[in-house]
Amino acid sequence: MKANTNRRKFLKLAALSGAGLGLSNTFSRALAGTPGAGDHPAGVGAAGGMMGRSADSPEAGLPGGRFLPNRAASWWCEINDLLWPEKHVIDKIKRRADGYAGAGIDTAINFGFHNRFDFANYFGQLHGYYANVCEELHQRGIRWMEHYSCNHVTRPRNEEDFRNVHKYERLAVQLFPDPIAARHAQYEGHFFQDLCEVDLRDGSRGYAKQYQYEAFCHNNPGLHDMHSKYLRRLMKDVPFDGIEVDDMCSYPGNTTCGCKYCRDRFRRDYGHEIPDFSDKQFFGDTSNPHMLEWGNYENPVFRDWLRMKSDSVRDHIKMIKETVGERPLMTCCSDTGPIVLNAVALDLEKMAPYLDLFMLENVGTNIKNVEWVGMDAEALNQKDIAAKRGNAPAIALSYELSEKGAYLGWALGRFWGAANWSSTLNGRLEEDPPHAMEMEDVISRWNNWEKKYSDLHYWEGQDLVEVRLVNNRLCRENGWRDASGHEHWDRSKAWSMQLVQHNVGYRFVRSEELADGKALLAGHQPLVLDGVGCVSDRQFEAIREYLAAGGTAWMALPFGTHDEKGFARKKPLSDRLLKGRYKGLVRVESAIVTTAGTETTSLSPVAGVSAGAAARETAVAIGSGGGPLAKLIASGKFKPVLRQLKGDPRWAARIRTYEGGGAVLHFMNAGLMAEPDTLNDLWGTPLMKDIVSLVKDHRLEYEVDTSRVKLEGLSLLSPELEDEKRTVAVSAGKNGHAVVRVNLEGVAIYGVAQR
């Protein structure tokens, strides 16, 4: 009742104010930057945005009114929105808010005025526009999430870059000063050029050519002061419900930063000096055109430099969280696993203590994006990061240009047990395609079907876990590779793909949990240790404690060839484990095709094997029916809960239990093919026109271990079947198992068997 009361107060105030939140006052306060802009009306809290919730919102009835996006979508802004409060802009806000409400969207996420300090001269109009958007959305029970990049400004350096930014970056409003005016651009007394990273090659301002950005230095105290002042103003002006501060990394990569603040910090925290760029022992082969692959990981000073850079980003995030207080904070993260992330100082695990939501960019717009199985590892790794932050919401961001593309992204979110953030991406094309659709139109069908037939709350779901897959961040931090050039992440990802192929439920065990013996012993599922090259003493002792207590681990060498700082051990820790003759320690082959069965490893790229080539080999063992997991199952050393008896194995099945709803089976088709459009994306790959299934046998039959999970009273549903419900037949099988039969005919992408 409290939520409804608050909502009634909000609507009453909106009616009395004439313009909802008193927008004329908001506008004048925003222009003046006066404290009065923080006087939020009833139902809109200075630390939480919309307090009153609609009856069907995820927060309704939840303790503390948690911010739980479920059906999110981008709110695309255009340059004309800066003409607020002109009537046509206000009218468009209302029309779009109606469309979002009709599309079942519960959270709108700002997109457009991205490099926020490019718009410093227009913050008054911009914040007035945002306050107006919040007013209209809140009246319809929709939350608003701010989203911007704080540490870049758009500064193309030549004619080619200028044209590129207007060709490749139309997704963001492009309104930046010319080079002469840019010298004087500032906010709150901080000139932007004084905040930039310093290029180690020539002392110029740090530049991300791939985006035409100049990058601010996360160590610069001026940036922290400017950003915190902006955040405080934003909170006064706009009653947002959550905030995503994007691009918390360093896009210029290994070319920066040589500013005095970075040099002082490296000296203070790590006891080193940043060397001259000509030092090949530090920067490696800089003739390599792939700048992100520069650097000599065999040099401990280089490894420390990368740590210092990600420390700096973490501290900036910490400052942001301290400033926004109770308002939920998120940042962007397209990956958490591969070594290349070190070059751009992107480390979600370091930032995690200061984040309240976690977001993964997953599928996109071209024909390659139907190959989703390789993305499962990233999705579940980020889910584990979120779970260890008090079961924080995990959000899957999907880009699309069509209704079918939006369906694929929506389906993946449901298969993964995450919120879905749907986002059209026409702005990544040189011009909008002729069949371009509005944001709300591409997702409406799928959202509204879900609300009517299958409104399963992801935050109440628990994945069935049969295997615990280790992904040790220490290997990535130190640039560890095996003799074939494969990373530890390549091996973990290969295991993930095989686990999906065999319908085995799994979760990740990351570096902190791996060092906690009690945490390892709390689970009975086997640990997968494939190519865990860097292992700390604490992790080793925890694993030994786990094995000594009767735990099971599947180990593929190498293991423990280096310590947590990347220094080579005299003897690999695998020697000590194998001498222990632990009953539960099982030697297996690696999940990838590799020559690494020896202890020959490296912290540098192996000659002739690029990081990209090694990563591509990861998929070799997938789809062949081979690999260590198949052998463990065939030998009887591992018995999965779900074993497929009939039907096409490209239908992936995942078991998840829900509060009050019992066990549910989610089905996702791994045998998809995209029909190419006549249009290509900016890199020459055809866009996705349609998605078709390559699966021919949709009548699936499984044997289920009923001692571990019960599947009873289920019906198959799918948006593709609309309102049809098909009974899932369950009959007695052998050895106390049950046989489950599911008919997925007429379903191409996703189905769910639920009560």
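The shown structure was predicted, so the numbers you read here are calculated from the model rather than taken from an experiment.

A. Fine view of the overall build of the chain. Along its length, the chain carries 23 helices and 35 strands. Counting over 755 residues, the chain shows a buried share of 61%. Taking the intrachain contacts of the chain between residues at least 6 apart in sequence as the baseline, contacts between residues at least 24 apart amount to 79%. For the chain, the accessible area works out to roughly 28700 Å², and carbon and sulfur atoms hold 50% of it.

B. Spatial organisation of the sheet that holds strand β27 (residues 662-669). Strands sit in the order β17-β26-β27-β35-β31-β32 across an open sheet of 6 strands; the sheet is antiparallel. Two strands lie at the open edges of the sheet, namely β17 (461-463) and β32 (726-727), each paired on one side alone.

C. The environment of Leu-329, seen in detail. Checked against the element boundaries, Leu-329 lands in strand β12 (residues 329-330). Classification of Leu-329 by relative accessible area gives buried; the value is 0%. Spatially, the C-alpha atoms of Leu-329 and Ile-317 are 9.2 Å apart, while their sequence positions differ by 12 residues. For Leu-329, the contacting residues outside a window of four places in its chain are Ile-243, Val-245, Ile-317, Ile-320, Lys-321, Tyr-354, Leu-355, Asp-356 and Leu-357.

D. Quick look at helix α5 (residues 159-168). Residues of α5 that are buried: Asp-161, Asn-164 and Val-165. One face of α5 carries all of its buried residues, which in axial projection span an arc of 100°. If you follow the buried residues of α5, they end up packed against β6 (152-154) and β9 (207-208). N-capping of α5 is provided by Asn-158, with a side-chain oxygen placed 3.2 Å from the backbone N of Glu-160.

E. Layout of the nonpolar core. Trp-75, Phe-117, Trp-144, Trp-554 and Ile-749 are the most contacted members of the largest nonpolar core, which totals 148 residues. With 8 residues, helix α14 (residues 403-416) is the single largest residue contributor to this core. Those residues in contact with Phe-117 that lie beyond four places of it in its chain are Phe-123, Cys-150, Val-153, Tyr-187, Phe-192, Phe-216, Met-226, His-227 and Tyr-230.

F. Structural context of the confidence of the model for the chain. Looking at the chain, pLDDT values average 88 and 87% of them are 70 or higher. Per-residue pLDDT stays below 50 along residues 1-64; that stretch engages in 115 contacts with residues further than four places along the chain or on separate chains. In the model, residues 605-624 has pLDDT below 50 throughout and makes 30 contacts with residues more than four positions away in sequence or in other chains.

G. Focus on the packing of aromatic side chains. If you walk through the whole model with that rule in mind, you get 40 aromatic pairs. Aromatic pair Trp-75 and Trp-144: ring centres 6.3 Å apart, planes at 80°, arrangement edge-to-face. Of this pair, Trp-75 sits in strand β3 (residues 71-76) while Trp-144 sits in strand β5 (residues 143-149), placing them 69 residues apart in sequence. Side by side, Trp-75 and Trp-144 carry an identical accessibility label, which is buried.

H. Inspection of the environment of Arg-327 at higher detail. In this fold, Arg-327 is placed in the loop between α11 (300-324) and β12. Under the relative-accessibility criterion, Arg-327 is labelled buried at 0%. Counting along the chain gives 87 residues from Arg-327 to Phe-240, while the straight-line C-alpha distance between them is 8.4 Å.

I. Just the packing of α14 against helix α15 (residues 439-453), in detail. α15 packs onto α14 with a crossing angle of 40° between their chain directions and a minimal axis gap of 8 Å. It follows from the interaxial angle that α14 and α15 lie oblique. In the packing of α14 onto α15, the handedness of the crossing is right-handed. Within the contact between the two elements, α14 uses Glu-403, Ala-406, Tyr-407, Trp-410 and Arg-414 and α15 uses Asp-441, Val-442, Ile-443, Arg-445, Trp-446, Asn-447, Trp-449 and Glu-450.

J. Structural context of the sheet that holds strand β25 (residues 642-646). Here 4 strands make up an open sheet; going across it, the order is β25-β30-β34-β33 and the pairing antiparallel. Only two strands of the sheet have a single partner each, and these edge strands are β25 and β33 (729-732). Within the sheet, the average angular offset between the axes of one strand and its neighbour, ignoring direction, is 25°. In terms of strand pairing, strand β30 (residues 699-704) meets strand β34 (residues 738-743) through 6 bridges, oriented antiparallel. Along β34, the bridge assignment pairs Glu-701 with Arg-741.

K. Here's a closer look at the pattern of salt bridges. Under the defined criterion, the tally for this structure stands at 59 salt bridges. The residue Glu-214 makes a salt bridge to Arg-205 at a minimum N-O spacing of 3.0 Å. Between Glu-541 and Arg-544 there is a salt bridge; the shortest N-O distance is 3.2 Å. Linking Glu-541 with Arg-544, this pair stays in helix α20 (residues 537-548), spanning 3 residues, or about one helical turn. Of the residues examined, Glu-541 reaches a relative accessible area of 36% and is grouped as partly exposed.

L. Summary view of the side chain of Lys-321. As for its placement among the helices and strands, Lys-321 is situated in helix α11. A distance of 2.8 Å separates a polar side-chain atom of Lys-321 from the backbone oxygen of Gly-325. Setting aside residues up to four positions removed in sequence, Lys-321 forms contacts with Glu-326, Arg-327, Leu-329, Tyr-354 and Asp-356.

M. Spotlight on the pairing of β5. Of all the 7 residues making up β5, 7 are buried; the element is thus mostly covered by neighbouring parts of the structure. Going residue by residue along β5, you find Arg-143, Met-145, His-147 and Ser-149 tucked away on one face and Trp-144, Glu-146 and Tyr-148 tucked away on the opposite face as well. Of the strand pairs in this sheet, strand β4 (residues 107-111) and β5 are connected by 3 bridges, and their pairing is parallel. Looking across to β5, one finds that Ile-109 is bridged to Met-145. Handedness of the crossover joining β4 and β5 through helix α4 (residues 123-139): right-handed.

N. Inspection of helix α17 (residues 488-501) at higher detail. The end-to-end C-alpha separation of α17 is 20 Å, in line with the 20 Å expected for 14 residues at 1.5 Å each. Among the 14 residues that make up α17, 12 are buried, leaving the element largely enclosed by the rest of the structure. Among the residues of α17, those classed as buried are His-488, Trp-489, Asp-490, Arg-491, Ser-492, Ala-494, Trp-495, Ser-496, Met-497, Gln-498, Leu-499 and Val-500. One or two residues past the end of α17 sits Asn-503, with phi positive at roughly 60°.

O. Inspection of unusual backbone geometry at higher detail. In this structure, Pro-85 follows Trp-84 across a cis peptide bond, with omega equal to 15°. With respect to the helices and strands, Pro-85 occurs in the loop between β3 and α3 (87-102). The omega torsion of the bond from Leu-557 to Pro-558 falls at 5°, within 30 degrees of zero and hence cis. Topologically, Pro-558 is positioned in strand β22 (residues 553-562). Located in the positive-phi region is Glu-188, a residue other than glycine, with phi close to 50°. Relative to the assigned elements, Glu-188 resides in the loop between β7 (186-187) and β8 (190-191). Glu-188 sits in the partly exposed class, given a relative accessible area of 44%.

P. Fine view of the pairing of β3. Counting buried positions along β3 yields 6 of 6 residues, so the element is predominantly enclosed. Two elements, β3 and strand β16 (residues 419-424), share 3 bridges in a ladder whose sense is parallel. Each bridged residue has a counterpart across the sheet, and for Arg-71 the counterpart in β16 is Asn-420. With α3 bridging β3 and the parallel β4, this β-α-β connection has right-handed handedness.

The rules behind these values
- Residues numbered from 1 in each chain as written.
- Predicted model: local features only at pLDDT ≥ 70, side-chain atom pairs only at ≥ 80, totals over all residues.
- Heavy atoms only, no water.
- Helix = DSSP H or I, 4+ residues; strand = E, 2+ residues; numbered from the N terminus.
- Buried < 20%, exposed > 50% of the residue type's maximum accessible area, 1.4 Å probe, protein only.
- Contact = heavy atoms within 4.5 Å.
- Areas by Shrake-Rupley, 256 points an atom, 1.4 Å probe, with all protein chains shown as cover.
- Pairing = 2+ DSSP bridges.
- Arc of directions from axis to C-beta.
- Polar contact = N/O pair within 3.5 Å; in protein donor to acceptor, adjacent residues only side chain to side chain.
- Core = buried A, V, L, I, M, F, W, Y, C linked by side-chain atoms within 4.5 Å.
- pLDDT = per-residue confidence, 0-100.
- Phe/Tyr/Trp six-rings, centres within 6.5 Å; stacked < 30°, edge-to-face > 60°.
- Axes fitted to C-alpha atoms, helices over the stretch in contact; angles between N-to-C directions.
- Parallel < 35°, antiparallel > 145°, perpendicular 65-115°, else oblique.
- Left-handed = near helix turned anticlockwise from the far one by under 90°.
- Salt bridge = Lys/Arg side-chain N within 4 Å of Asp/Glu carboxyl O.
- Right-handed = clockwise from strand over helix to strand, strands pointing away.
- Expected span 1.5 Å × (residues − 1).

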